[in-house]
Amino acid sequence: RGGQPAVEARSKRMLHVDGSDFKDLNGNGDLDDYEDWRLPVEDRVKDLIDRMTIEEKVGLMFHPWISMGNNGEVCETSDFMGVQTTDAILNLHIRHFLNNGMIKPDKMAGWSNKVQAIAEGSRLGIPLNISSDPRHHVITYPIVYSPEAEYISCLLYTSPSPRDRTRSRMPS
């Protein structure tokens, strides 16, 4: 299975148990099963689900979009149902977001670390799952996206329109 993975915390304490490091995600000072990376995933998931409230479980069913500032700052605008980013993470317990922002990779990494730190500060410290819609931004910052996304983008711009098969959608 390998040895100790790199583990660091931004807003929670670290635990040192049996020569290994762990995040104390729920802040109780004990190493709980869901915090123990040495255990099988199935055991960790069961322990976490048993600890979650119904509200935390419901939050896992949403996947709204989230804004980020042009320089990678966390936007506290009312994007999702009139709720700010921190409120969506901490009070609505949303853990899946679509990031359709378009900033440079280093700024995006900084933003990601900031919103993950907010999530780490929640009751159980459940991290965020951030997805993107790369086909819209592959030309602006191609290093952020995969070759598959570039291929899809190429198809979108060179394929004829379904309504007009005589013209290409290639930008002029």
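Look a little higher up for the structure.
About the cut-offs
- Residues numbered from 1 in each chain as written.
- Predicted model: local features only at pLDDT ≥ 70, side-chain atom pairs only at ≥ 80, totals over all residues.
- Heavy atoms only, no water.
- Salt bridge = Lys/Arg side-chain N within 4 Å of Asp/Glu carboxyl O.
- Helix = DSSP H or I, 4+ residues; strand = E, 2+ residues; numbered from the N terminus.
- Buried < 20%, exposed > 50% of the residue type's maximum accessible area, 1.4 Å probe, protein only.
- Pairing = 2+ DSSP bridges.
- Right-handed = clockwise from strand over helix to strand, strands pointing away.
- Expected span 1.5 Å × (residues − 1).
- Contact = heavy atoms within 4.5 Å.

## Digging into the pattern of salt bridges
For the structure on display, the rule yields 9 salt bridges. One salt bridge in this structure joins Glu8 and Arg10, with 3.5 Å as the shortest N-O distance. Its salt-bridge partner being Arg51, residue Asp47 comes within 2.9 Å of it at the nearest N-O pair. With Asp47 and Arg51 both in helix α1 (residues 41-51) and 4 residues apart, this pair spans about one turn of that helix.

## With respect to the pairing of strand β4 (residues 96-99)
Going residue by residue along β4, you find Phe97 and Asn99 tucked away on one face and His96 and Leu98 left uncovered on the opposite face. Pairing of β4 with strand β5 (residues 129-132) involves 4 bridges; the strand directions are parallel. In the sheet register, His96 faces β5, and the bridge partner there is Asn129. The parallel pair β4 and β5 is bridged by helix α4 (residues 105-120), and the resulting crossover is right-handed.

## Some remarks on the sheet that holds β4
Read from one edge of the open sheet, 3 strands run β3-β4-β5, paired in parallel fashion. In the strand order of this sheet, the two ends are held by β3 (65-66) and β5, each with one partner.

## Things to note about α4
The end-to-end C-alpha separation of α4 is 22 Å, in line with the 22 Å expected for 16 residues at 1.5 Å each. When we look at burial in α4, the residues that qualify are Met108, Trp111, Val115, Ile118, Ala119 and Glu120. Buried residues along α4 sit against β2 (20-23), β3, α3 (85-90), β4 and β5.

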